[in-house]
Amino acid sequence: MSGGHVITDAAVANCLGTDNRTVFERAFAGPGTDADAFAAAQAFYAFPFSTALGIMPADMGPGAGEDRLACTATRVARIALASVRQLLPAVRAATGRWGAQRIAYVFASSTGGLEETERTLAPDPRMPVTSAGYQYADHGIDATSAAIAQHLGVQGVQMAISTACSSSFKGLASAIRLIDHGLADAVVVGSADSLCRTTVFGFHSLGLLAPTATQPFSRDRCGITLGEGSAYVLVERDTSETRRIAHARVSGLGAASDAFHHTSPHPEGLGGQLCMRQAIERAGLGPNDIDFVSAHGTGTLLNDASEAAAVARVFERSIPVTATKSLTGHTLGSAGLTALVLAIESLRRQAIPASLRATPVDDRLGVTVIDKLTSARIEHVLINAFGFGGSNASVVISQANAVGR
Amino acid sequence: MTTVGPIQLLATSFFSTHHASAADALAGTERAPALPAYKLLAGRARRFTSLVTQLHIEVCGGLPPDAEPPINVFATCHGEIQTAEALIADFHANALVSSARFALSVHNTPSGLYSVATASTAPSTTITGANAIAAGWLEAVLTALDAGRTVMLSIADEPVPAAFKAAAEPVGVAAAFLLGRGRGRAAQLAIRPRTEQDDASPLQVLARIADGASREAAATVALGQIQPGATLELQLSQDAPA
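Residues numbered from 1 in each chain as written. Chains lettered and ligands numbered in written order. Predicted model: local features only at pLDDT ≥ 70, side-chain atom pairs only at ≥ 80, totals over all residues. Heavy atoms only, no water.

(A) Here's a closer look at the overall build of chain B. From N to C terminus, chain B includes 7 helices and 8 strands. Rg of the C-alpha trace for chain B: 18 Å, near the compact-globule value of 18 Å for 242 residues, within the 12% margin. Considering chain B as a whole, with its 242 residues, one finds that 56% of them fall into the buried category. Taking as baseline every contact in chain B between residues at least 6 positions apart, the subset at least 24 positions apart corresponds to 72%. (Helix = DSSP H or I, 4+ residues; strand = E, 2+ residues; numbered from the N terminus. Rg over C-alpha atoms; globule rule 2.2 N^0.38 Å. Buried < 20%, exposed > 50% of the residue type's maximum accessible area, 1.4 Å probe, protein only. Contact = heavy atoms within 4.5 Å.)

(B) Representation of the packing of aromatic side chains within the structure. Here the structure, examined in full by the defined rule, presents 14 aromatic pairs over all chains. On the basis of an interplanar angle of 90 degrees and a centroid distance of 6.0 Å, the ring pair of tyrosine 136 of chain A and phenylalanine 164 of chain B is categorised as edge-to-face. One end of the pair, tyrosine 136 of chain A, is in the loop between helix H3 (114-121) and helix H4 (145-152); the other, phenylalanine 164 of chain B, is in the loop between strand E4 (151-157) and strand E5 (173-180), on a second chain. By the burial criterion, tyrosine 136 of chain A is buried, and phenylalanine 164 of chain B matches it. By the ring-pair criterion, three or more aromatic residues cluster together here, those being Tyr45, Phe47, Phe49 and Phe201 of chain A together with Phe91 of chain B. Its guanidinium or amino end placed over the ring of tyrosine 45 of chain A, arginine 197 of chain A lies 5.0 Å from that ring's centre, counting from NZ or CZ. (Phe/Tyr/Trp six-rings, centres within 6.5 Å; stacked < 30°, edge-to-face > 60°. Lys NZ or Arg CZ within 6 Å of the ring centre and 35° of its normal.)

(C) Up close: the pattern of salt bridges. All names here are of chain A. A full pass over the atoms with the stated rule returns 27 salt bridges over all chains. Put simply, arginine 313 and glutamate 268 hold a salt bridge, and the shortest N to O gap is 2.9 Å. Remark: glutamate 268 occurs in the loop between strand E9 (248-257) and helix H8 (270-282) and arginine 313 occurs in helix H9 (residues 301-315); sequence separation between them is 45 residues. Note on arginine 313: relative accessible area 43%, which makes it partly exposed. Taken together, the shared-partner salt bridges connect Arg221, Asp304, Asp362 and Arg364 into one network. (Salt bridge = Lys/Arg side-chain N within 4 Å of Asp/Glu carboxyl O.)

(D) Summary view of the sheet that holds strand E2 (residues 39-40) of chain A. Residues and elements named next belong to chain A. Spatially, E2-E3-E7 is the arrangement adopted by the 3 strands of the open sheet, whose pairing is mixed. Looking at strand neighbours, the two that pair on one side only are E2 and strand E7 (226-227), the edges of this open sheet. Bridge analysis of strand E3 (residues 52-54) against E7 gives 2 bridges, and the strand direction is parallel. Of the residues in E7, the one forming a bridge with leucine 53 is leucine 226. (Pairing = 2+ DSSP bridges.)

(E) Examining the packing of helix H2 (residues 75-98) of chain A against H4 of chain A more closely. Residues and elements named next belong to chain A. Contact pair H2 / H4: the axes reach a minimum separation of 10 Å and the direction vectors enclose 30 degrees. With respect to H4, the axis of H2 lies roughly parallel. Note on packing geometry: the crossing formed by H2 with H4 is right-handed. Counting all contacts with H2, which are made through Ala80, Leu81, Val84, Leu88 and Val91, the residues of H4 involved are Ile148, His151 and Leu152. (Axes fitted to C-alpha atoms, helices over the stretch in contact; angles between N-to-C directions. Parallel < 35°, antiparallel > 145°, perpendicular 65-115°, else oblique. Left-handed = near helix turned anticlockwise from the far one by under 90°.)

What follows is the structure, given as structure tokens:
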């Protein structure tokens, strides 16, 4: 990374709530409060098995003035807009700073508009087609991009990324490159994934769904709780003006492949080790400078063991680890940015959100799991997003005025 | 006009299910449909792979090996679209899906299988959407300029099933490119105002690049829309004399 990159606004929406305030209040409430937002899967569809899901609140929108957008009929578009509407004032301000053509739009997702396609190809009376008539343009990962970019008033480069559960961090990396090479001064990096029957049936077929709410890093962990949600950040070139309004700095990014198996993680978390080390090094930091790790933490036996092994190798000390999927569910392509936006709130609150249902912690993993809301001095956070294909990415974010060693 | 680069185009590989070469694709000369051999994948790794994965692996395997594994940029407009249809049919009919098929349903399936097959831990990303060819080239060139090492760009798409009602070509097409430092054609990207003449199918665009790269003359290929009202253009220099 050359030059600096600051995050001047961030927005998130998921099963915890449709706006930052609600999401943060619940995420930072700790266990024993109303942080637990999962529902039985049958609230989404009549699945013939038991699992929990992180379903978006029914009042997610579209909001005022959004129903004119061509894309708002689809579920993923409504989920995306829950974040977009929060980001709109900051994007308008950035447009004033840089001009609309200097602001790019990078969108990341694992399934895009697949849920809308399912409604057409696998009709179910309880899930009617929501658009005026099915069109292929509603299906793709980028189905919402043109309309949302236009809604935001940005006219720069547009890209769509899909690398399963690391998608949004790959999108963030692409955004940084656009800024570094002078193709943009600011980038709206967005991610959204909706629940859909393909992913729920699919993860069930792999034996990876938890029958009840997920328990990352617990001795009793038994799988994933799928969720849906969106997360957006506005990344801008670091100037005295943008630094003054920044929520955080993107200090370092890392990416690596496992080269082990398409869906099973490397036992020692090889790709995870490589990308965590790379992100820390590119931030100009050492492992001892990182205050906590926001883990990928899906709650499966193998994923948590692999990630814990990688964390242990990289940090060689007891570092606090939390898994925000215990709060939001696994939002797939949006998972990385979702955790990143929560980490920005950690920087602001100087607190680490609890990893719910982690106790009894699996002592064999050798990681220090934060199982209650914990106050701490937090300057640098490392966040992981790992996915199918052995696709691994890590990001270090820092206090806006923090500097590397 | 904004320009990016130059970087060297070190090698090119092209495959079409319906055309023997890029020149034939441009001339409209079809052959009996042929499937890729995708020899990089062996044994169990070949099972359940879709045509788009096979196409990617075929053209990646057609590039000369590099001493250092390249960083990989994959691009696809439609992704694993045939697998998506099969999975939907599965759960609609049987209330269950094939785990093997689901595992290979993500857009970065070719990327994952390629990294395993080549034992490469290098970073890899997958660009998608209607402008995947243009955005893929932009990502690859920027990555190559950043990284100081070779980048492999692989672009492929399979026919979209009729049920999706997409306006897409009924052919499988793929092309792969090695970009970096070394002996090759200078390749530069330019963002310029969009014209009606820029509209071309993915088959045409990939064939034009591959055909242009095989000739000594300078070549310019419109890669597609990269931002509202603007096209990304690939400019290949005249081949340097031996």
